Amino acid sequence: SGTVAFDNTPACFDKPKHIRHLRRQLSFIFQQGALCQHLNAQDNVALPLICHGEQKKVALSKATEALKQVRLFEYRQRYLETLSGGQQQRVAIARALVTGARTLLCDEPTSALDQDTSDHITQLIRQLSEQHHLTVIMVTHSPRAAAQLTDRIYHLHQGELIPNHSKTQIN
């Protein structure tokens, strides 16, 4: 039980206008990317902007800039099947960043990646969150990823949110 608040304002999920406002403030990186297989990398990144009414030319330009930030500019016209798992996850990160959202919700963003790629993606999310002044909320089973990415760690135990005051004692 409880409530969800954003900027100290309770979220009202039964009002479409309020939901649209929240969607513009939040962006998501999913465990498996949740990308559209029939679109190339640039079109995948531009998709949320187009869905929010941005002109396609402007959306593609912003997508190109976001792909540069995640070092995938040269892959912008490639389809997902030709990209590695780490590259696909960087496309998903670019798509999350392109919206200009202030809060980034990550659901196991590195779980499907090898350790080196996972470390790279974690460092990239941290770097981009600092550059863009983003709040990043990450759900993970990886103590290593949590320690690398976060300033504060909480455990969910039997429905209760418990702060972990020492990142060196992560279980």
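Below: a short report on this structure. (Residues numbered from 1 in each chain as written. Predicted model: local features only at pLDDT ≥ 70, side-chain atom pairs only at ≥ 80, totals over all residues. Heavy atoms only, no water.)

**Side note on the sheet that holds strand β3 (residues 26-29)**
No. 1: Overall, parallel pairing links the three strands, which are arranged β3-β4-β5 in an open sheet. Unpaired on one side and paired on the other, β3 and β5 (135-139) mark the two borders of the sheet. On average, each strand axis in the sheet is tilted by 20° relative to the strand beside it, whichever way the strands run.
No. 2: Sheet analysis places strand β4 (residues 103-107) next to β5, joined by five bridges and oriented parallel. (Pairing = 2+ DSSP bridges. Helix = DSSP H or I, 4+ residues; strand = E, 2+ residues; numbered from the N terminus. Axes fitted to C-alpha atoms, helices over the stretch in contact; angles between N-to-C directions.)

**Thoughts on the side chain of Arg90**
No. 1: Position of Arg90 relative to the elements: it lies in helix α4 (residues 85-98).
No. 2: An unpaired buried charge is present at Arg90: no salt bridge exists, and Glu74, the closest side chain of opposite charge, is 6.5 Å distant.
No. 3: With near-sequence residues (within four places) excluded, Arg90 lies in contact with Val70, Arg71, Leu72, His120, Ile121 and Leu124. (Buried < 20%, exposed > 50% of the residue type's maximum accessible area, 1.4 Å probe, protein only. Lys, Arg positive; Asp, Glu negative; His and termini not counted. Salt bridge = Lys/Arg side-chain N within 4 Å of Asp/Glu carboxyl O. Contact = heavy atoms within 4.5 Å.)

**A look at helix α5 (residues 115-132)**
No. 1: Helix length check: α5 (18 residues) gives 25 Å between terminal C-alpha atoms against 26 Å at 1.5 Å per residue, within 8%.
No. 2: Against the buried residues of α5 lie β3, α3 (56-69), α4, β4, β5 and α6 (143-149).
No. 3: Where α5 begins, the side chain of Asp114 points an oxygen toward the backbone nitrogen of Asp116, at a separation of 3.1 Å.
No. 4: Just downstream of α5, His133 is the residue with a positive phi angle, here 55°. (Expected span 1.5 Å × (residues − 1). Polar contact = N/O pair within 3.5 Å; in protein donor to acceptor, adjacent residues only side chain to side chain.)

**Observations regarding the pattern of salt bridges**
No. 1: Taken as a whole and assessed by the stated rule, the structure comprises four salt bridges.
No. 2: A salt bridge links Lys62 to Glu54, with the nearest nitrogen and oxygen atoms 3.4 Å apart.
No. 3: Since its relative accessible area comes to 38%, Lys62 is described here as partly exposed.
No. 4: Here Glu130 ties to Arg126 by a salt bridge, and the two come within 3.1 Å at their closest N and O atoms. In this pair, Glu130 and Arg126 are both assigned in helix α5, four residues apart and thus about one turn of the helix distant.
No. 5: Overlapping salt bridges, with partners in common, bring together Arg126, Glu130 and Asp151 in one network.

**What to know about the nonpolar core**
No. 1: In terms of nonpolar packing, the biggest core is built from 32 residues, with Val45, Leu67, Val70, Val91 and Ile93 touching the most fellow members.
No. 2: Of all the secondary-structure elements, those providing two or more residues to this core are α2 (41-51), α3, α4, β4, α5 and α6.
No. 3: Ignoring anything within four residues of it in the chain, the contact list for Val45 reads Ala63, Ala66, Leu67, Val91, Ala94, Arg95 and Val98. (Core = buried A, V, L, I, M, F, W, Y, C linked by side-chain atoms within 4.5 Å.)

**Some details on the packing of α4 against α5**
No. 1: Contact pair α4 / α5: the axes reach a minimum separation of 11 Å and the direction vectors enclose 15°. Judged by the inter-axis angle, α4 sits roughly parallel to α5. As for how α4 packs across α5, the hand of that crossing is right-handed. Side by side, α4 and α5 meet where Gly86, Gln89, Arg90, Ile93 and Leu97 of the first sit next to Thr117, His120, Ile121, Leu124, Ile125, Leu128 and His132 of the second.
No. 2: For the contact of α4 with α5, the per-class residue count stands at six nonpolar, five polar and one charged. (Parallel < 35°, antiparallel > 145°, perpendicular 65-115°, else oblique. Left-handed = near helix turned anticlockwise from the far one by under 90°. Nonpolar A, V, L, I, M, F, W, Y, C, P; charged D, E, K, R; others polar.)

**Quick notes on the pairing of strand β6 (residues 153-157)**
No. 1: Sheet topology note: the β6/strand β7 (residues 160-164) ladder contains five bridges and is antiparallel. Pairing of Leu156 across the sheet is with Leu161, part of β7.
No. 2: Hairpin geometry of β6 and β7 is characterised by an intervening segment of two residues between the two adjacent antiparallel strands and by a positive phi of about 50° at Gln158.

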